[in-house]
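So the chains spell out like this:
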Amino acid sequence: MGSAPLRVFLSASVIHFSTILVVCLIVLVPIQNWVSLGVMIAGCGVFGIGYYCIGWRDSVRDGLSKKIDREDRTWYGVLPVIGYLFVTGSGIALGSRLTLGCEALALSMGMLLVVGIHNAWDITVWSITRPRD
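Quick caveat: nothing in here was measured; it's all calculated off a predicted structure.

So, how was this worked out
- Residues numbered from 1 in each chain as written.
- Predicted model: local features only at pLDDT ≥ 70, side-chain atom pairs only at ≥ 80, totals over all residues.
- Heavy atoms only, no water.
- Core = buried A, V, L, I, M, F, W, Y, C linked by side-chain atoms within 4.5 Å.
- Buried < 20%, exposed > 50% of the residue type's maximum accessible area, 1.4 Å probe, protein only.
- Helix = DSSP H or I, 4+ residues; strand = E, 2+ residues; numbered from the N terminus.
- pLDDT = per-residue confidence, 0-100.
- Expected span 1.5 Å × (residues − 1).
- Phe/Tyr/Trp six-rings, centres within 6.5 Å; stacked < 30°, edge-to-face > 60°.
- Axes fitted to C-alpha atoms, helices over the stretch in contact; angles between N-to-C directions.
- Parallel < 35°, antiparallel > 145°, perpendicular 65-115°, else oblique.
- Left-handed = near helix turned anticlockwise from the far one by under 90°.
- Disulfide = S-S within 2.5 Å.

Engineer: Requested: an account of the nonpolar core, with residues and values cited.
Structural biologist: Residues Val23, Ile41, Val87, Leu105, Met109 and Leu112 are the most contacted members of the largest nonpolar core, which totals 16 residues. Counting residues per element, the ones that place at least two in this core are helix 1 (3-28), helix 2 (34-61), helix 3 (70-95) and helix 4 (100-129).

So this is what it looks like as structure tokens:
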């Protein structure tokens, strides 16, 4: 198995759950200014987007992108990127003291949680039901 399937399908759920954990820990830290909070939250979003750019590059290079169906493209590619864009945007909004940042952060954490659970379940079902060689 090349790096693309591992990065796109298996490691992605770990990245989602880790991002949720890190963001929740950042929010719990008694930070004294909004700019620091916003920068740390936005950094988590930028990390997630960067991770997906590397994953997409690997999947194109390995030819995996031509084999992925529409449902998997949505759950493993599009929805996580939207979630990480929301994380980045919420960090920017929080750094600017906009209350919309709190709602955007909650939405993005919920989205990444749903995507992570779906994808972990999808991988589990696939690994149990796939034909053995």
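Alright, that's what it looks like, and here's the rest.
Engineer: Requested: an account of unusual backbone geometry, with residues and values cited.
Structural biologist: The backbone phi angle of Arg97 is positive, close to 65°, even though this residue is not glycine. Looking at the secondary structure, you find Arg97 in the loop between helix 3 and helix 4.

Engineer: Which residues make up the confidence of the model for the chain, and what are the values?
Structural biologist: When pLDDT is averaged along the chain, the result is 90; 93% of the residues meet or exceed 70. Looking over the chain, one finds the lowest element-wise mean pLDDT in helix 1, namely 86, and the highest in helix 3, namely 94.

Engineer: How would you explain helix 2 if you had to name every residue and give the values?
Structural biologist: A rise of 1.5 Å per residue sets the reference length of helix 2, with its 28 residues, at 40 Å; its end C-alpha atoms lie 40 Å apart and thus fit the reference within 8%. Along helix 2, the residues classified as buried are Leu37, Gly38, Ile41, Ala42, Cys44, Gly45, Gly48, Tyr51, Tyr52, Gly55, Asp58 and Ser59. Note on helix 2: the residue one or two positions beyond its end, Gly63, has a positive phi of about 80°.

Engineer: Tell me about the packing of aromatic side chains, and name the residues and values.
Structural biologist: Note on aromatic pairs: each is described by the distance of the centres and the angle between the planes. Scanning the model with the defined rule gives 2 aromatic pairs in all. Ring centres 5.7 Å apart and planes at 75° place the aromatic pair Tyr51 and Tyr52 in the edge-to-face group. Of the two residues, Tyr51 and Tyr52, both sit in the buried class. Residue Tyr52 is classed as buried on the basis of its relative accessible area of 9%. Linked through ring pairs, Tyr51, Tyr52 and Tyr84 together constitute an aromatic cluster.

Engineer: Account for helix 4, with residues named and values stated.
Structural biologist: Taking 1.5 Å of rise per residue, the 30 residues of helix 4 would be expected to cover 44 Å, and the 43 Å separating its terminal C-alpha atoms lies within 8% of that figure. Listing the buried residues of helix 4 in full gives Gly101, Ala104, Leu105, Ser108, Met109, Met111, Leu112, Val115, Gly116, Asn119 and Ile123.

Engineer: Could you give me a rundown of the packing of helix 2 against helix 3, with the residues and numbers involved?
Structural biologist: At a minimum axis separation of 7 Å, helix 2 and helix 3 run at an interaxial angle of 160°. Considered as vectors, helix 2 and helix 3 are oriented roughly antiparallel to each other. Crossing geometry of helix 2 relative to helix 3 is assigned as left-handed.

Engineer: For the state of the cysteines, give the residues involved together with the corresponding values.
Structural biologist: This structure, assessed with the given rule, holds 0 disulfides. We note that Cys53 lacks a disulfide partner, and the nearest cysteine sulfur, in Cys44, lies 16 Å from it. Of all cysteine sulfurs in the structure, the one in Cys24 sits closest to Cys102, which takes part in no disulfide; the separation is 13 Å. Given the relative accessible area of 44%, Cys102 is considered partly exposed.

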